[in-house]
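Given next are the chains, with one letter for each unit.
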Amino acid sequence: MQVEFYRHALGEEEIASVTRTLRSTFLTAAGRTRQFEEAFADWLGLPRAVGLYSCTSALVLGLRALGVQPGDEVITTPMTFIATANAIIEAGGVPVFADVEPATGLLDPAAVAAAVTPRTVGILPVHLYGQMCDMVALGELARRHGLFVLEDAAHCVEGQRDGVGPGQVGDGACFSFYATKNLCSGEGGALATRHPWLAERLLRLRSHGMDKAAGDRHSGQYRHWDMVELGYKANMFDIQAALLLPQLPRLLERLAAREAICRHYEAALTGVPGLALPVTVPGGRHARHLFTLWAPRPLRDPLLAELNRQGVGCAVNYRAITGLTYYRERFGFIHGRFPVAEEIGDRTLSLPLWVGLPREQQEHVIRVVRNFLEAHPG
Ligand SMILES: *Cc1c(COP(=O)(O)O)cnc(C)c1O
C-alpha cells in the first residue's frame, strides 16, 4: 500500500477561479490579491493582511518593517523550519535561540526571558505543527522589555489559544501558502497585522519601496511614482489569490477532517512502548498542520526507514536548526546547548495528514508504527 505524505485538496472551484482570473488584464497584484487580503484579514479577525510571495518574504520584510537594524538580536526557536532563523539573518539581525518546552516543542517563555539582552529588539515565536505558543506570556514579556513580536504562523491559520489567534497579540503574523500548508497555492504568503501602519509599510517593501502599487502603475491615468525606501520584489499575484480565495470558506471544515485523523492516530498510538506524542494544550484550537510523534531516540531513523519501506511517506519536522552545519559553524553551537530541541529533533517524525486520507491508509500507517515499536522495545 502506498500512503502519500501530503495531497492538496484543490478542486473544480479553484480551477474555475484561476480560469476566471486568467481572463483579466493584469495578472499581478491587482483586484484578486486585494480581495484575498481583505477576506483573509476578516477570517483572522485582524484589520489588515498583505499578500506576499512567500512566508519567507513575509518574515524578512516584516522584520525590516519592524525596524531590525544590523546587529539587533531577535529571539527565536531552534525547533522550526530554517526559513524562520534565516529571515532574521537576511533582515540584518542576529538570531538568538531559546529552548522549547518538552511537552509541546513550542518556544519556552522562561527560556526567552533568560535570553533577553540589551541588544534584543524582538521575539519570533513559531506556532509549531499548528499549535499556538503561549502568546499571553510572550506578549507580557515583550511589553516588559519593549520588544516587538512577529509570529511565524506558517503552520497555523486556524489556531487559537487563550481566546486569541495568530497576530492578535503579536505585532504581525506571517503565513505560508506553500504546497504542503493547510491553505495552499503552491507558493505564497501573507503578513497579517493589527497595525495599519505596518501593512502600509509592507505594501511598499514588497514592491521595491515604490509609493504606488504595481497594479496601479498601469491603470487609468499615468502618474509618476517615487521610490521612498529600499524595498524588494515579493508581492503576491492574482493567480495565487485566485487559488486561495475559494479555500477560505472551507478552512474549518477541512480542519475538522484533519482533526478526526489526528484523533484516530492519537487513540491508536497512545500507550505504544517508547512512543510520546506532543501535548495539545486544552481549551485552544490546534490547526493540525502536522501530525508528529516522538519515537525513542535511537529508533527514529530506523522507524522512518521502515515506514518508507512499507510505502508510507514521512517527514522530519524538524532537526534542531542549531545542529545544522551553517548555524553550527557560524555561531559555534555545541551539542547539548539546546537539549530539549535537540532531543525532539532526534525523535520527531511526521505521519501522513491530509483531507481525504483514506481510513485504511491510516490503519496501515498505525500498523507499521505499532508493529515496529513493539518488535523493538526500548
Ligand atoms: C513553510 C514554513 C516557512 C516558509 O514558508 P514559505 O512560504 O515556503 O517561505 C516558514 N516557517 C515555517 C515554520 C514553515 O513551516
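Here the structure is a predicted model, which is why all the values come from computation and not from measurement.

The rules behind each value
- Every chain begins its residue count from 1, and numbering advances along the sequence as written.
- Under the rules for a predicted model, residues below a pLDDT of 70 receive no local features and side-chain atom pairs below 80 are neither given nor counted, while totals for whole chains, interfaces and linings still include all residues.
- Working from all heavy atoms in the structure, the side-chain values ignore hydrogens and water.
- Buried Ala, Val, Leu, Ile, Met, Phe, Trp, Tyr and Cys residues form a nonpolar core when they are joined through side-chain atoms within 4.5 Å.
- Note on exposure labels: buried denotes an accessible area under 20% of the residue type's maximum, exposed denotes more than 50%, and partly exposed covers the range between, all computed with a 1.4 Å probe on protein chains only.
- Should any heavy atoms of two residues lie within 4.5 Å, those residues are considered in contact.
- We define a salt bridge as a contact between a side-chain nitrogen of Lys or Arg and a carboxyl oxygen of Asp or Glu at a distance within 4 Å.
- By definition, any uninterrupted DSSP run of H or I lasting at least four residues is a helix, any uninterrupted run of E lasting at least two residues is a strand, and each is numbered from the N terminus.
- Proximity criterion: a residue is near a molecule or strand once any of its heavy atoms comes within 4 Å of it.
- Polar contacts here mean pairs of N or O atoms no more than 3.5 Å apart (in protein, one a potential hydrogen donor and the other a potential acceptor; neighbouring residues in sequence count only if both atoms are side-chain atoms).
- Method for areas: the Shrake-Rupley scheme with a 1.4 Å probe, in which residue coverage is limited to the protein chains shown.
- For two strands to be treated as a pair, DSSP must find at least two bridges joining them.
- Simply put, an axis is a line fit to the C-alpha atoms, just over the touching stretch for a helix, and the angle between two N-to-C directions goes from 0 to 180 degrees.

A. Highlighting the nonpolar core. In terms of nonpolar packing, the biggest core is built from 55 residues, with Phe36, Phe40, Val112, Ile123, Phe175, Phe177 and Leu183 touching the most fellow members. With sequence-adjacent residues up to four places away left out, Phe40 is seen in contact with Ala49, Val157, Phe175, Phe177, Leu183, Ala190 and Leu248. Counting residues in hydrophobic clusters, the runner-up holds 28 residues, among them Val272, Leu351, Leu357 and Phe372.

B. Region of interest: the pattern of salt bridges. One pass over the full model with this rule turns up 19 salt bridges. Among the ionic pairs, Arg258 bridges to Glu158, the shortest N-O distance being 3.1 Å. Here the residue Arg258 occupies a position in helix H10 (residues 251-269), and Glu158 occupies one in the loop between strand E5 (148-152) and strand E6 (172-176), the gap between them amounting to 100 residues. The exposure classification of Arg258 matches that of Glu158, with both residues buried. Among the ionic pairs, Arg263 bridges to Glu259, the shortest N-O distance being 2.9 Å.

C. Molecular detail of the site of the ligand. Around the ligand, 16 residues are found, and the nearest of them are Thr56, Asp152, His155, Ser176 and Lys181. Within the side chain of Thr56, a nitrogen or oxygen atom sits 2.5 Å from an oxygen atom of the ligand. Within the side chain of His155, an N or O atom sits 2.7 Å from an oxygen atom of the ligand. In isolation the ligand has 390 Å² of accessible area, and contact with the protein removes 92% of it.

D. Inspection of the pairing of strand E8 (residues 291-294) at higher detail. Side chains Phe291 and Leu293 of E8 all project onto a buried face; the interleaved residues Thr292 and Trp294 project onto the opposite face, where all are buried too. As paired elements, E8 and strand E9 (residues 348-351) share four bridges and run antiparallel to each other. Bridging across to E9, Phe291 finds its partner in Leu351.

E. Representation of helix H3 (residues 55-65). Most of H3 is tucked away: nine of the 11 residues are buried. Looking at H3, one finds that the buried residues are Cys55, Ser57, Ala58, Leu59, Val60, Leu61, Gly62, Leu63 and Ala65.

F. Focus on the side chain of His286. Among the structural elements, His286 can be located in the loop between H10 and E8. Within the structure, His286 has its side chain in polar contact with the backbone nitrogen of Arg288 (distance 2.8 Å).

G. The arrangement of the sheet that holds strand E7 (residues 189-193) in detail. Reading across from one edge, E1-E7-E6-E5-E4-E2-E3 is the order of the seven strands in this open sheet, with mixed pairing throughout. In this open sheet, the two strands that pair with only one neighbour each are strand E1 (48-52) and strand E3 (94-97). Direction aside, the axes of adjacent strands within the sheet are offset by 25° on average. With five bridges joining them, E1 and E7 adopt antiparallel strand pairing. By the bridge assignment, Val50 is partnered in E7 with Leu191.

H. Summary view of unusual backbone geometry. Here the residue pair Asn317 and Tyr318 is connected by a cis peptide bond, since its omega of 5° sits within 30 degrees of zero. Turning to its location among the elements, Tyr318 is positioned in the loop between helix H11 (300-309) and helix H12 (325-331). Its identity as a non-glycine residue notwithstanding, Asp162 has a phi of 50°, on the positive side. Residue position: Asp162 is located in the loop between E5 and E6. Judged by relative accessible area, which is 52%, Asp162 ranks as exposed. Even without being a glycine, Arg288 presents a positive backbone phi close to 50°. With respect to the element layout, Arg288 can be found in the loop between H10 and E8.

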